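Breakdown of the fold
If you want the building blocks of each chain, they are given just below.
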Amino acid sequence: MRLAELSGRSGVSTATIKYYLREGLLPPGRQVNATTAEYGEEHLRRLRLVRAMVQVGRLPVATVREVLGHVDDDSLGRTVRLGAALWALPQVPEPDADDDHVRAAREEADTLLDALGWSNARLLTTISPAYRSLVVAVAALRRLGYDWDAELLAPYARLMHRAAQLDLDHVERQPSEAERVEAAVLGAILVEPMLQALHRLAQEEESARRYGFA
């Protein structure tokens, strides 16, 4: 398809598509002549992925470029490729190591991982943004007087492990390695908010069942 058709099918203006091409977010089309290129279905899929990351995920172009670089890197193994793409997404800052609440939160997080037998996650604690996010959240709760510990976190963690299994089952059904990593990235951007919405709906339902609407 030509640029105008790609624009029409994707709903993205030709000016924006040209910008994505210049920024390396979209691979170049097949050059027909000096002024015309043709684009395929892979360009349409990538364009939709970019738009989801920019519009829904609200990621800056530089971050999108970094994530897509990992998505396209065939030299990486699946776990590293997937982790690198997800870790390039915006993360919480490193917490203050000297803060007593942060130290306590780390201890509880480590105890949790050990109790669950999550040895791989335990090995990644020094570099994992997810581990850092857990520590920051637990520390904030403890600072407010809510002493979330490993025992309280464990049933939630087990539910999340089942969700992770479902996530990877979905990822593995994708036909190509690039599409598997794309599906994982979209999961972080679009599925996580969807799961959060389901969690809140479940809370509304359970609250009404227990306490009614009065």
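The structure this text deals with has already been given above.
Predicted model only: the values in this text are computed from it and were never measured.

**A few points about the overall build of the protein**
Counting its regular elements, the protein contains 10 helices and two strands. The linear arrangement of helices and strands in the protein, starting from the amino end, is α-α-β-β-α-α-α-α-α-α-α-α. Relative to the globule expectation of 17 Å for 214 residues, the C-alpha radius of gyration of the protein, 21 Å, shows a markedly less compact shape. Overall size of the protein, expressed as C-alpha extent along the three principal axes, is 65 × 45 × 30 Å. Buried positions account for 34% of the 214 residues belonging to the protein. Counting only contacts in the protein whose residues sit at least 6 apart along the sequence, the fraction spanning at least 24 positions is 60%. Entry remark: accessible area of the protein is about 13400 Å², with carbon and sulfur atoms responsible for 55%. Taken as two groups, the 26 positive and 31 negative side-chain charges of the protein have centres that lie 7 Å from each other.

**Observations regarding the side chain of His43**
If you trace the backbone, His43 turns up in helix H3 (residues 41-56). For His43, a relative accessible area of 4% corresponds to the buried category. A distance of 3.1 Å separates a polar atom in the side chain of His43 from the backbone oxygen of Pro27. In contact with His43, other than residues within four places in its own chain, are Leu6, Leu26, Pro27, Pro28 and Gly29.

**Observations regarding helix H9 (residues 150-172)**
Since there are 3.6 residues in each turn of an α-helix, residues three or four apart along the chain are aligned in direction. Compared with an ideal rise of 1.5 Å per residue, which puts 23 residues at 33 Å, H9 spans 31 Å between its outermost C-alpha atoms and is within 8% of the ideal. The largest bend in H9 is about 25°, located at Tyr156. Along H9, the residues that are buried comprise Ala150, Leu153, Ala154, Ala157, Ala163 and Val171. Elements in contact with the buried residues of H9: helix H6 (100-116), helix H8 (129-143) and helix H10 (177-211).

**Considering the side chain of Glu182**
Within the element layout of this structure, Glu182 appears in helix H10. In this structure the side chain of Glu182 is engaged in a polar contact, spanning 3.2 Å, whose partner is the side chain of Arg45. With near-sequence residues (within four places) excluded, Glu182 lies in contact with Arg45, Arg46, Leu49 and Val71.

**Regarding the packing of H9 against H10**
Look at H9 against H10: their axes get within 8 Å of each other, and the N-to-C directions meet at 145°. Along this stretch, H9 crosses H10, giving a crossing that reads as right-handed. Along its contact with H9, which presents His170, Val171 and Glu172, the element H10 presents Arg180, Ala183 and Ala184. Classifying every residue of the contact of H9 with H10 gives three nonpolar, one polar and two charged.

**Quick notes on the nonpolar core**
Among the nonpolar cores identified, the biggest contains 27 residues, and Met53, Val67 and Val185 are the most heavily contacted of them. At the level of elements, helix H1 (3-10), helix H2 (14-22), H3, helix H4 (61-71) and H10 are the ones that each hand at least two residues to this core. When neighbours within four sequence positions are excluded, Val185 is seen to be in contact with Met53, Val67, Val71, Ala85 and Leu86. Counting residues in each nonpolar core, the second largest holds 14 residues, with Val102, Val135, Ala150 and Ala157 among its members.

**Focus on a negative patch on the surface**
Residues Asp167, Asp169, Glu172 and Glu192 make up a contiguous surface patch of negative charge. The element contributing the most residues to the negative patch is H9, with three residues. Mapped onto the elements of the fold, Asp167 is located in helix H9.

**Some remarks on the packing of H6 against H9**
Between H6 and H9, the shortest axis-to-axis distance is 9 Å and the interhelical angle comes to 50°. By the angle class used here, H6 and H9 are oblique. The crossing of H6 and H9 is right-handed. Across the interface between the two elements, Glu108, Thr111, Leu112 and Leu116 from H6 touch Ala150, Leu153, Ala154, Ala157 and Arg158 from H9. Its residues placed into classes, the contact of H6 with H9 shows six nonpolar, one polar and two charged.

Cut-offs and rules
- Positions within a chain are numbered from 1, following the residues in the order the chain's sequence is written.
- Only residues with pLDDT of at least 70 are given local features in this predicted model, and only at 80 or more are side-chain atom pairs given and counted; all residues enter the totals for whole chains, interfaces and linings.
- Only hydrogens and water are removed before side-chain values are computed, so all heavy atoms of the structure are retained for them.
- A run of H or I in DSSP counts as a helix once it spans at least four residues, and a run of E counts as a strand once it spans at least two, with each numbered from the N terminus.
- For the radius of gyration, the atom set is restricted to C-alpha positions; the globular benchmark scales as 2.2 Å times the number of residues to the power 0.38.
- Whether a residue is buried, partly exposed or exposed follows from its accessible area with a 1.4 Å probe, protein chains only, as a fraction of its type maximum: under 20%, in between, or over 50%, in that order.
- Note on definitions: a residue-residue contact is assigned when non-hydrogen atoms from the two residues lie within 4.5 Å.
- For accessible areas, the Shrake-Rupley method is used with a probe of radius 1.4 Å. Any residue's cover is judged against the shown protein chains and nothing else.
- In this tally, Asp and Glu contribute negative charge and Lys and Arg positive charge; neither His nor the terminal groups of the chain are included.
- To locate a charge, take NZ of a lysine, CZ of an arginine, CG of an aspartate or CD of a glutamate.
- Definition of a polar contact: a pair of N or O atoms within 3.5 Å, with one able to donate and the other able to accept a hydrogen when the atoms are protein atoms, and with sequence-neighbouring residues admitted only if both atoms are side-chain atoms.
- The span one expects for a helix is its residue count, reduced by one, times 1.5 Å.
- Here the bend at a residue means the angle between the axes of two seven-residue stretches, the one that ends at it and the one that starts at it.
- Between N-to-C directions, angles span 0 to 180 degrees; the directions come from axes that are lines fitted to C-alpha atoms, helices contributing only their stretch in contact.
- For any helix crossing, the convention is left-handed if the near helix is rotated counterclockwise from the far helix by under a right angle, and right-handed if that rotation is clockwise.
- When residue character is reported, Ala, Val, Leu, Ile, Met, Phe, Trp, Tyr, Cys and Pro are called nonpolar, Asp, Glu, Lys and Arg charged, and the others, Gly included, polar.
- Residue types Ala, Val, Leu, Ile, Met, Phe, Trp, Tyr and Cys, when buried and joined through side-chain atoms within 4.5 Å, form a set referred to as a nonpolar core.
- Note on patches: the residues involved have over 30% relative accessible area and no salt bridge, like charges join within 9 Å, and the nonpolar side chains Val, Leu, Ile, Met, Phe, Trp and Tyr join within 5 Å.
- Any Lys or Arg side-chain nitrogen found within 4 Å of a carboxyl oxygen on Asp or Glu counts as a salt bridge.
- Oblique is the label for every angle not falling under 35 degrees (roughly parallel), over 145 degrees (roughly antiparallel), or within 65 to 115 degrees (roughly perpendicular).

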